[in-house]
Amino acid sequence: MTQKTVLITGATRGIGKGVAIAFADAGWIVYGTGRPSTGSGRPLSETAWAAEKKIILKEADVADQPRMAEIMQDIKDKHGRLDCLINNAGVASNTPASALGDEEIAKIIDTNFKAVFTCCQSYYKMQRKSGPSTGSGQVAAKGGGCIINISSVLGIVGTSLASVYSGTKGAVISMTKALAIEWANSGFRVNAICPGFIDTDMTDMLKKRESVMAKMLEFIPLKRLGTPEDIAAPAIMLASDGAAYITGQIIVVDGGLTAM
Ligand SMILES: NC(=O)c1ccc[n+]([C@@H]2O[C@H](COP(=O)([O-])OP(=O)(O)OC[C@H]3O[C@@H](n4cnc5c(N)ncnc54)[C@H](OP(=O)(O)O)[C@@H]3O)[C@@H](O)[C@H]2O)c1
């Protein structure tokens, strides 16, 4: 029972998949979630790359709080621990602010902010009484855990066509800091990672438009899009025992974009 266990939301593709593979390669027991209605049409449990890495994918919409709480409890019951929760699932939007309708606004807020909060809440309620946690030995006896929220540089700086998306990502940053303080005494560490522009389905629109892409690269000092592995490395660091004194922090991983 010494193997650490992590749950990553939105692990079917992109950053979540890269993070899941990196944790599996680092020796963690890895669970991920994705929506039942997307993908190849086959159950997520039959996803070949996940099976190869012994990553267990569960079907769940992150906005379904009872289902997410049930998945967390099942992991805890099976392995005796859930050391880390990574709230990664998210949706983007390229709709001009003036054209955003109620349905799209609700979907972005519910997925990118409300579900991140409710997953943090379910994890806290399950973990607050019993350990072990990834924190120092002292807090492990009291319970606790490690939460990593995937925000965005667009939660820090603005751009056009991302008004509500940016709002949710900024809210995740503020919430991360607030929860880090509120739950510190219970042995929880809560941090966030802000990716810049990462090569995933989410940035397809950008990659398809050569002129936009060229302009984008002009502004990125390291002159490339990031990869899911670029996000996985700091996530593993934040989940490690070596990060026992890091909480309430926002780690920007953007090739220097926001340093300008
Ligand atoms: N790519 C970037 O440049 C970038 C930059 C900054 C921040 N981020 C953030 O990083 C995170 C991952 O982005 P990505 O680029 O990897 O996006 P992606 O390739 O579009 O993947 C999104 C993931 O989230 C899952 N997801 C979306 N809505 C969900 C829901 N309601 N319930 C459960 N799962 C859901 C998707 O699952 P399905 O397969 O079921 O659709 C998929 O696994 C997001 O929070 C995003 O905002 C991305």
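Remember, it's a predicted structure, so these values are computed and weren't measured experimentally.

## So, unusual backbone geometry
Even without being glycine, Leu-161 reaches a positive phi, approximately 65°. By the secondary structure assignment, Leu-161 is in the loop between β5 (145-150) and α6 (163-182). Backbone geometry at Lys-223 places phi at a positive 60°, although glycine is not the residue there. Mapped onto the elements of the fold, Lys-223 is located in the loop between α8 (210-219) and α9 (228-239).

## With respect to the side chain of Asp-254
Its place among the elements puts Asp-254 in the segment after β7 (250-253). Only 2.6 Å separates the side chain of Asp-254 from the side chain of Thr-258, close enough to count as a polar contact. Sequence-distant contacts of Asp-254, that is, excluding residues within four places in its chain, are made with Val-153, Gly-196 and Ile-220.

## Describing the packing of aromatic side chains
Within the structure shown, the criterion is met by 5 aromatic pairs. The structure contains a cluster of three or more aromatic residues connected by ring pairs, namely Tyr-123, Tyr-124, Trp-183 and Phe-188.

## Quick look at the pattern of salt bridges
Summed over all chains, the structure comprises 8 salt bridges. Lys-53 is the partner of Asp-25 in a salt bridge, and the nearest nitrogen-oxygen pair spans 2.9 Å. Of the two residues, Asp-25 sits in helix α1 (residues 14-25) while Lys-53 sits in the loop between α2 (48-52) and β3 (56-59), which places them 28 residues apart along the sequence. Across the salt bridge formed by Lys-207 and Asp-204, the nearest N and O atoms sit 3.3 Å from each other. On the criterion of helical spacing, the pair formed by Lys-207 and Asp-204 is a turn pair, its members being 3 residues apart in helix α7 (residues 204-208). Given a relative accessible area of 27%, Lys-207 falls into the partly exposed group.

## As for the nonpolar core
In terms of nonpolar packing, the biggest core is built from 29 residues, with Phe-23, Val-30, Ile-86 and Ile-148 touching the most fellow members. Considering every element that reaches this core, the biggest residue donor is α1, with 6 residues. Excluding anything up to four places from it in sequence, Phe-23 contacts Val-6, Trp-28, Val-30, Ile-86, Ala-235, Ile-236 and Ala-239. Met-72, Leu-82, Ala-89 and Leu-179 belong to the second largest nonpolar core, which has 27 residues in total.

## A closer look at the sheet that holds strand β4 (residues 84-87)
The strand order β3-β2-β1-β4-β5-β6-β7 describes an open sheet built from 7 strands, whose pairing is parallel. The strands lining the two open edges of the sheet, one partner per strand, are β3 and β7. For this sheet the average axis-to-axis angle between neighbouring strands, irrespective of direction, equals 20°. Where strand β2 (residues 29-34) lies against β3, 4 bridges are found, and the strand directions are parallel. Opposite Gly-34, over in β3, you have Glu-59 as the bridge partner.

## Here's the deal with empty space enclosed by the protein
Tallying each qualifying case throughout the model produces 1 cavity of 30 Å³ or more. One number sums up the size of the largest cavity: a volume of about 40 Å³. Thr-9, Val-62, Asn-87, Asn-88, Ala-89, Thr-111, Ala-115, Val-116 and Cys-119 together form the lining of the largest cavity. It is helix α4 (residues 102-127) that provides the largest number of residues to the lining of the largest cavity, a total of 4 residues.

Conventions and cut-offs
- Residues numbered from 1 in each chain as written.
- Predicted model: local features only at pLDDT ≥ 70, side-chain atom pairs only at ≥ 80, totals over all residues.
- Heavy atoms only, no water.
- Helix = DSSP H or I, 4+ residues; strand = E, 2+ residues; numbered from the N terminus.
- Polar contact = N/O pair within 3.5 Å; in protein donor to acceptor, adjacent residues only side chain to side chain.
- Contact = heavy atoms within 4.5 Å.
- Phe/Tyr/Trp six-rings, centres within 6.5 Å; stacked < 30°, edge-to-face > 60°.
- Salt bridge = Lys/Arg side-chain N within 4 Å of Asp/Glu carboxyl O.
- Buried < 20%, exposed > 50% of the residue type's maximum accessible area, 1.4 Å probe, protein only.
- Core = buried A, V, L, I, M, F, W, Y, C linked by side-chain atoms within 4.5 Å.
- Pairing = 2+ DSSP bridges.
- Axes fitted to C-alpha atoms, helices over the stretch in contact; angles between N-to-C directions.
- 1 Å grid on protein atoms, 1.4 Å probe; cavity = no way out; pocket = protein on both sides within 12 Å on 5 of 7 lines; lining within 4 Å.
- Points joined across faces, edges and corners; volume = space filled by probe spheres on them.

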